[in-house]
Each structure stands twice: as C-alpha cells, then as structure tokens.
Amino acid sequence: MSDLSSRTVLVTGATSGIGYETARRLAERGATVLVHGRTAEDAQAATDRLIATAGIASGRLRGFGADFTRLEEVEAMARRVVAEHPHLDALVNNAATAAPERHTLTADGNEIAFQVNFLAHYLLTCLLEPALTSRPGGRVVNVSSSLHRTAAIQWSDPHRARRYSRLAAYAQSQLALTVFAADPRVTAVSVHPGVCETDLLSLYANNGGPAAAGAAHVVRLCDPATEIVNGAYYDCDQRVEPAPAATEVRTVKRLNKLADQLVGHHA
C-alpha cells in the first residue's frame, strides 16, 4: 500500500457505512480527508469519531456539510472546497439514498434518488473540476451498483412521475452515475463495492458483508498506484464491462445535456 500523505480526497456520504470506512482507511494511510455529511454537525460528529476511535490526527480531517436534496447547498459546499483546497487529488462520489416507497420530489423538482445519487454528484464534480485538474492525476471514483445493469434512463420522464417504482428509480440513478464516469472532463471510474451492511442493504439482500470490505475496493481506486482508464467499471476489485449504455458516446452526451438542464440554474 502506497503512502497517501500528499493526497487530499473528498468523500461524500462519509458519516456512515462505506463512506465512513473509506474516510477512515484513507486517513490512516496519511491522506487529508474532506468528510462530507448531510449537515455540518453530522460531518463534525464523524470526524470526532474518527479521531476518538481510529486515532487519526485531527489535522488530517475536515468536515463539510451539504444536504444533497438541495442543490444550492451542493454548490455552496463545492465553492468552499475549491476556496480552501484548490488542489484535490480525488473525489469519491459515495452519498446515496434508497428511493422511498412513494414517489418523492426534492425542492428542486427532481425525483429524490435521481438527485441525491446522481444529479448532486454531477453538479459537485463539475464545480470541482478546476481543483481536480489543477495537477495531473486527479480522479473521481463513483460508488455505483451492480443494479445499474437492470436500469434504463427514462429520457422523457427522468423523474418517473408517470410510472414509479422504488427499485427502478434507484437503478436508474446508479446507471446515470456509471454513465457519468465516461465523461471526458475528469478521469473517473465507477465501482460496485459488493453487497455490504449499509442503509441500502434492503435493495439487495437480507445479508451483506462489512462496510470496511466495500471501502477497501474504493480506496484502492483512489490510490495513484492503481492505474485507471477513464470510464472503467469495477465489480469489487475486478474490472468488468458495465451495462452497454454506460460506454455509449451518444448516451454520455445525452445524459450530460439532461443533467445540465436539471442543475443548470445552480452551476
């Protein structure tokens, strides 16, 4: 394992589950970790826990709060990150929500899983592009799902107002996140970290492995010693082909156009 003491990494959804374990492992290897939580208080509680239980020096951790159901908060956090950390080595787009049983829209008018799991990360990544590309080697790791293979993006009804299914809405958000990894602006990959004991477990199965096991696959992709190819998809530690739509140039362009329309008034 290489030393990461010169690296700065932002991990979204880092207050529990795979995100928390990813932040812990990165900090233990010397990285400066920007710990994102839904609120500043949540982020601070996570950093306090990392200091108390993992023995991580407080200087390696910074807390950032943003509610991903509100795109204006995503924008505000991104601008703060760029101001305080003009060079960012990696961004881990991990924050996710299981789509609710009933169709739910955010204050921005987007289906909640599509916004939290994809649109917020799309906006965040675009706004952090200057920091991620300020030096060679910046990369994005999208924590996706094998369920993206079951999905189709409903281009004419991305918020699924006409026909809503919890599982379909979640899968669509994960397909969009996987497609987004092939965007040429920033080198990015996506990874299915395995079925783990997290808040999303009910979408997959009754039992899962420890979140730390899933985090290990994410951290490996953050390591500059791991060579990556833009748009690559990993199932745990194996590079495999994603759903065919994820690598189609036309789909990437179409998704970017849709996402720009849905977040454009914030960008």
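Conventions used here
- Residues numbered from 1 in each chain as written.
- Predicted model: local features only at pLDDT ≥ 70, side-chain atom pairs only at ≥ 80, totals over all residues.
- Heavy atoms only, no water.
- Pairing = 2+ DSSP bridges.
- Helix = DSSP H or I, 4+ residues; strand = E, 2+ residues; numbered from the N terminus.
- Axes fitted to C-alpha atoms, helices over the stretch in contact; angles between N-to-C directions.
- Disulfide = S-S within 2.5 Å.
- Buried < 20%, exposed > 50% of the residue type's maximum accessible area, 1.4 Å probe, protein only.
- 1 Å grid on protein atoms, 1.4 Å probe; cavity = no way out; pocket = protein on both sides within 12 Å on 5 of 7 lines; lining within 4 Å.
- Points joined across faces, edges and corners; volume = space filled by probe spheres on them.
- Nonpolar A, V, L, I, M, F, W, Y, C, P; charged D, E, K, R; others polar.
- Right-handed = clockwise from strand over helix to strand, strands pointing away.

Caption draft 1: Main features of the sheet that holds strand E8 (residues 238–240). Strand order in the open sheet formed by 8 strands is E3-E2-E1-E4-E5-E6-E7-E8, with mixed pairing between adjacent strands. At either end of the open sheet lies a strand with only one pairing partner, and these are strand E3 (61–65) and E8. The sheet shows a mean angle of 25° between the axes of neighbouring strands, taken without regard to direction. Where strand E4 (residues 90–93) and strand E5 (residues 139–143) come together, 4 bridges link them in parallel fashion.

Caption draft 2: Region of the structure containing the state of the cysteines. This structure, assessed with the given rule, holds 0 disulfides. Cys-126 takes part in no disulfide bond, and the closest cysteine sulfur to it belongs to Cys-222, at a distance of 19 Å. A relative accessible area of 2% places Cys-222 in the buried class.

Caption draft 3: Expanded view of empty space enclosed by the protein. Inspection of the entire model under this criterion finds 1 cavity of 30 Å³ or more. Estimated volume of the largest cavity: approximately 90 Å³. For the largest cavity, the full set of lining residues is Thr-125, Cys-126, Glu-129, Val-140, Phe-180, Ala-181, Asp-183, Arg-185, Val-186 and Ala-188. Here the element with the most residues in the lining of the largest cavity is helix H4 (residues 112–132); it accounts for 3 residues. In terms of residue class, the lining of the largest cavity is made up of 6 nonpolar, 1 polar and 3 charged.

Caption draft 4: Just the pairing of strand E1 (residues 8–11), in detail. Of the two faces of E1, the one holding Thr-8 and Leu-10 and the one holding Val-9 and Val-11 are both buried throughout. Both E1 and strand E2 (residues 32–37) contribute to a ladder of 4 bridges, which runs parallel. By the bridge assignment for E2, Val-11 is matched with Val-35. Crossover handedness for the path E1 to helix H1 (residues 17–28) to E2: right-handed.

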